Amino acid sequence: MKSSLYNYYVNDKDNVIIFNGLTEASFRIGERNADVFKAIIESPDKFVEDFKPFIDKMKGDGFIIDDEFDEEEIVRKKYDYIRHGEEYMVMILSTYQCNLRCWYCTQDHADSWMSDETVRRIKKRIEKELRKDAIKHLSISWFGGEPLLAYDRVVEISRWAKEFAEELGKGFGAVITTNGTLLNRKRVEELRDAGINYYQITIDGNRETHNNVKILGKDSAYDRTIENIGYIIEHTHCTLRFNYTKENLKPESLIKDLDEALSKENREKISFLIYKVWQEKAAEISQVEIDKLMELAFNIGITPKLAEGGMCYVDKKNFDCIFANGNVGKCDNESPEDRNGILTESGDIEWISDISAHRSILEYENCECKDCRFLPLCWGPCTAKRETMLKDNGKIVCQFDNKDFQMSRMIRNKHVNKEFSKKKIEKENC
């Protein structure tokens, strides 16, 4: 027997989180006993007589493996499975315009709208992909800009796609990422009937801070968004994504405002995703405040979740990003004017430029990721980062400037999410 190559030991206050990257099994142990547990896992043959039940448990969870077990081959298979999958994922940017101007947004909000011809070509693309035997599910992700500025397009395409998938006996799901200000009860019901079964809506702090970021004339963007979330969770699930910085991370006032504004009914349908604004440095964020926010959110009945990282959706083989003007890319952060690909009248994509996401990172000879012990956690840099690396350096390098710290944070997030999921189940069973 031997220890897995993908065991990680992360210090967390007075504890150590022991985590396996392949199985994602984990447990927390007191710091004083951590060295003993680590010694058993790292040298199982020495302790098998005295600790056989524990070693058997560690084998079942992947921390300990047989000598002949090839974990690197399992990593490659897992990478290919995640990357390929059995669903066709299409992100549609119905417009690049937005009714708000959030300071952290990366988009220039070009005046781009979807024509009837682009709608026809999108339907052709979906039809062509969904008729493939290997594709079992269609997943549409509405994005922008603010997608609900083109509300009629969202309803039209979603309704058609849902009916077409059902006709073929394929699965269907649709998610929309929106600031929530353009919804109302009637629209939420219409979108439900069209197949929109998941929402992601951003929040930028407590009521005052949110309204200072999302300025909606004389109205309160916060009040309108929270009211619309109430309509959403009558029917389906909503992720409330808190975009945090070190300035707006104020757990008590943030949760106080949510608790006062949200109806207590259906709160179990709200996931509270705590997500760092990309401009902010992770090392400058107080973990104590994050932990406090998690507990307070859980206490008012919404499910907190930390960002876990992993493979970016744009790296999946069966993924397209279609802009309102009919151009196609592999990343929604690209400009809609960059003609990486064109959606043709027949529903095919004519690729103009080489897109690195068409290739697996494991296919590159000069790629640091293949030998990295953290590969099962991050799966390498996304397509946009890879293209920059290849252009600047001729090789793919680590995307992190402080890999050990950032991987430790990711591992901790994964384990904490599991702990809160377990607490939620226990609470529901009480």
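Calculation notes
Residues numbered from 1 in each chain as written. Predicted model: local features only at pLDDT ≥ 70, side-chain atom pairs only at ≥ 80, totals over all residues. Heavy atoms only, no water. Pairing = 2+ DSSP bridges. Helix = DSSP H or I, 4+ residues; strand = E, 2+ residues; numbered from the N terminus. Axes fitted to C-alpha atoms, helices over the stretch in contact; angles between N-to-C directions. Contact = heavy atoms within 4.5 Å. Disulfide = S-S within 2.5 Å. Buried < 20%, exposed > 50% of the residue type's maximum accessible area, 1.4 Å probe, protein only. Parallel < 35°, antiparallel > 145°, perpendicular 65-115°, else oblique. Left-handed = near helix turned anticlockwise from the far one by under 90°. Nonpolar A, V, L, I, M, F, W, Y, C, P; charged D, E, K, R; others polar.

Brief notes about the sheet that holds strand β11 (residues 270–276)
So, point 1. Strand order in the open sheet formed by eleven strands is β12-β11-β10-β9-β8-β7-β6-β13-β14-β15-β16, with mixed pairing between adjacent strands. Single-partner strands in this sheet number two, and they are β12 (303–306) and β16 (349–351). Strand after strand, the sheet turns through a mean of 25° between neighbouring axes, direction not considered.
So, point 2. Bridge count between strand β15 (residues 341–343) and β16: three bridges; the pairing is antiparallel. For G341, the partnering residue across the bridge sits in β16 and is W351.
So, point 3. Taken strand by strand, helix α11 (residues 287–299) contacts β10 (237–244), β11 and β12, and its axis lies near 155° from that of β12.

A look at the state of the cysteines
So, point 1. Tallied over the entire structure, the rule returns zero disulfides.
So, point 2. Its sulfur unpaired, C331 is 5.9 Å from the next cysteine sulfur, which belongs to C382.
So, point 3. Classification of C331 as buried rests on a relative accessible area of 7%.
So, point 4. With no disulfide of its own, C372 lies 6.2 Å from the sulfur of C398, the closest cysteine sulfur.

Overview of the packing of helix α10 (residues 251–261) against α11
To describe two helices that pack against each other, one gives the angle between their axes and the distance between the axes.
So, point 1. Put simply, α10 and α11 touch, their axes get as near as 9 Å, and they point 20° apart. Here α11 runs roughly parallel to α10, going by the angle between their axes. Read as a crossing pair, α10 and α11 show a hand that is right-handed. Across the interface between the two elements, P251, E252, L254 and I255 from α10 touch E289, K292, L293, L296 and A297 from α11.
So, point 2. Among the residues forming the contact of α10 with α11, the class breakdown is six nonpolar, no polar and three charged.

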